[in-house]
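The residues making up each chain are set out below.
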Amino acid sequence: MTDTTFDTLHNPTFLQACMRQATPHTPLWLMRQAGRYLPEYCATRAKAGSFMGLATNRDYATEVTLQPLERYPLDAAILFSDILTVPDAMGLGLSFAQGEGPRFASPIKTEADVAKLEVPDMAKLQYVFDAVSSIRKALTVDGKGRVPLIGFSGSPWTLACYMVEGKGSDDYRLVKTMLYSRPDLMHKMLAVNADAVAAYLNAQIDAGAQAVMIFDSWGGVLADGAFQSFSLAYTARVLAQLKRNGTDGKVVPRIVFTKGGGQWLKDMQALDCEVLGLDWTVNLAQARALVGGTENDPGKALQGNIDPNVLFAPPAAIQMEVAKVLDSFGKPYQGTGAGPSHIFNLGHGISQYTPPENVAALVEAVHSHSRKMRL
């Protein structure tokens, strides 16, 4: 029997919303909530010497994961790590230059490169699992967790984009060249990636992650048809292998976020996950009608989806935009069973230039407006 009581948490609202249960307010967390917009994060990163120095050190990763929770009453913590740890463990050589994005020393270029790929030994990623366990311990107060901890990975397709391009890309020329000219190679790589991501997320669950999220950050760059074959199918392959329960017996909800994927919501409804994340281009009311389900029809919980650039506006404007998002989703389900539910988030990661005080205004606006909606 799957346990969905979440009685080991002081604030279980995020997990309750994931499972389409009623909550006293709309829970909120932010993609990249531990990041460069926080001066305390920048100070810890300076001590660590580099991004990877931060991510691979259990104590630093724990410290920065908790920093936003010390500032703001957020409803979930997310592991501080990177989506590219898995291909790094495959031997591609991940690095981050100051002020630049990720880069691989040995990108995948040839058939021989693809043939060598295999699911990495999870011992190479032990630093991630140690961080998960450490964060769970640090979140424990009076025998209960303050808020739940989210683990995550990049999707098989998103990992493949970085693995072939060797870094971020504007046109995805190299990875799409392989996709169209040698789809067999792309499918081989994606199969390895999917099995590696599943093993990685299962190890995070074993270490204490209470929900897991798959970031399909570049799914939206694919053509219709290609998305279903090269992204969605391999996300489904990951989900099919994931553990349903944590070490405490509680259900572990699964979230899938495809940036730019709004046009494929009906396709994504078939995924074996509890939550679909949405970027800011999607109308929440329409998404709810399409995949949000009803009291009698289990649909997906929805996560999102304010434009991160709203956080550069003054507090009054932030409050207005928050109300628009919450009102667009509509009145959340308030019954005792399962029904349409919403988790507030940004439509993508928070900008490093965001004023920290504006995040405080956002959190306060979400909690206060969503409480009023439930009266």
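Residues numbered from 1 in each chain as written. Predicted model: local features only at pLDDT ≥ 70, side-chain atom pairs only at ≥ 80, totals over all residues. Heavy atoms only, no water.

Undergrad: Would you mind going over the overall build of the protein chain in detail, with residue names and values included?
TA: Helix and strand content of the protein chain: 15 helices and 11 strands. Along the three orthogonal principal directions, the C-alpha set of the protein chain runs to about 60 × 45 × 45 Å. By sequence separation, contacts in the protein chain at least 24 residues apart represent 75% of the contacts at least 6 residues apart. Split by element, the accessible area of the protein chain, about 14600 Å² in all, is 52% carbon and sulfur. Of the side-chain charges in the protein chain, 34 are positive and 36 negative, and the distance between the mean point of each set is 1 Å. (Helix = DSSP H or I, 4+ residues; strand = E, 2+ residues; numbered from the N terminus. Contact = heavy atoms within 4.5 Å. Areas by Shrake-Rupley, 256 points an atom, 1.4 Å probe, with all protein chains shown as cover. Lys, Arg positive; Asp, Glu negative; His and termini not counted. Charge placed at Lys NZ, Arg CZ, Asp CG, Glu CD.)

Undergrad: Outline helix H10 (residues 183-207), listing residues and values.
TA: End to end, H10 covers 36 Å across 25 residues, agreeing with the expected 36 Å (1.5 Å per residue, within 8%). Counting buried residues in H10 gives 18 out of 25 residues, a clear majority hidden from the surface. (Expected span 1.5 Å × (residues − 1). Buried < 20%, exposed > 50% of the residue type's maximum accessible area, 1.4 Å probe, protein only.)

Undergrad: Talk me through the pattern of salt bridges; I want residue IDs and the actual numbers.
TA: Overall, the coordinates contain 15 salt bridges when judged by the stated rule. Arg71 is the partner of Glu40 in a salt bridge, and the nearest nitrogen-oxygen pair spans 2.7 Å. With Glu40 in helix H2 (residues 39-48) and Arg71 in helix H4 (residues 58-71), this pair connects stretches of sequence that are 31 residues apart. For Arg71, a relative accessible area of 39% corresponds to the partly exposed category. (Salt bridge = Lys/Arg side-chain N within 4 Å of Asp/Glu carboxyl O.)

Undergrad: I'd like a description of the pairing of strand E6 (residues 149-154), backed by residues and values.
TA: Counting buried positions along E6 gives six out of six residues, so the element sits mostly inside the fold. Neither face of E6 is open: one carries Leu149, Gly151 and Ser153, the other Ile150, Phe152 and Gly154, and all of them are buried. Pairing between strand E1 (residues 77-78) and E6: two bridges, direction parallel. Paired with Ile78 across the two strands is Ile150, which belongs to E6. (Pairing = 2+ DSSP bridges.)

Undergrad: How would you explain the packing of aromatic side chains if you had to name every residue and give the values?
TA: By the definition in use, this model includes nine aromatic pairs. Seen in terms of ring centroids, Tyr162 and Trp218 are 6.5 Å apart; in terms of plane orientation they differ by 55 degrees. Their pairing is tilted. Of this pair, Tyr162 sits in helix H8 (residues 156-165) while Trp218 sits in the loop between strand E7 (211-216) and helix H11 (226-241), and the two are 56 residues apart along the sequence. Residue Trp218 is classed as partly exposed on the basis of its relative accessible area, which comes to 22%. These aromatic residues form a ring-pair network of at least three members: Tyr41, Phe51, Phe80 and Phe96. The ring of Phe329 carries Arg288 above its face, with NZ or CZ at 4.5 Å from the centroid. (Phe/Tyr/Trp six-rings, centres within 6.5 Å; stacked < 30°, edge-to-face > 60°. Lys NZ or Arg CZ within 6 Å of the ring centre and 35° of its normal.)

Undergrad: An account of the nonpolar core is needed here, citing residue identities and associated values.
TA: Counting residues in each nonpolar core, the largest one holds 134 residues, and the members touching the most others are Phe14, Trp29 and Leu362. Per-element accounting of this core gives the leading share, 15 residues, to H10. Excluding its chain neighbours within four sequence positions, the residues that come into contact with Phe14 are Pro27, Trp29, Asp75, Ala76, Pro148, Ile150, Ala211, Ile255, Gln303 and Ile343. (Core = buried A, V, L, I, M, F, W, Y, C linked by side-chain atoms within 4.5 Å.)

Undergrad: Describe unusual backbone geometry, with residues and values.
TA: With omega at 0 degrees, the peptide bond leading from Gly304 into Asn305 counts as cis. Inspection of the secondary structure puts Asn305 in strand E10 (residues 301-306). For Arg32, which is not glycine, the phi torsion reads 65 degrees and is therefore positive. Note on placement: Arg32 falls in the loop between helix H1 (13-18) and H2. Phi at Tyr172 takes a positive value of approximately 55 degrees, unusual for a residue other than glycine. As for its placement among the helices and strands, Tyr172 is situated in the loop between H8 and helix H9 (173-181). Under the relative-accessibility criterion, Tyr172 is labelled buried at 8%.

Undergrad: Describe the packing of helix H13 (residues 284-291) against helix H14 (residues 315-329), listing the residues and the values that go with them.
TA: It is the contact of H13 with H14, at a shortest axis distance of 7 Å, that shows an interaxial angle of 25 degrees. As summarised for this structure, H13 and H14 are arranged roughly parallel, according to the angle between their axes. Crossing angle aside, the handedness with which H13 passes H14 is right-handed. Packed against H13, whose contacting residues are Leu284, Ala285 and Arg288, the element H14 presents Val325, Ser328 and Phe329 at the interface. A per-class count over the contact of H13 with H14 returns four nonpolar, one polar and one charged. (Axes fitted to C-alpha atoms, helices over the stretch in contact; angles between N-to-C directions. Parallel < 35°, antiparallel > 145°, perpendicular 65-115°, else oblique. Left-handed = near helix turned anticlockwise from the far one by under 90°. Nonpolar A, V, L, I, M, F, W, Y, C, P; charged D, E, K, R; others polar.)

Structural measurements only, silent on function.
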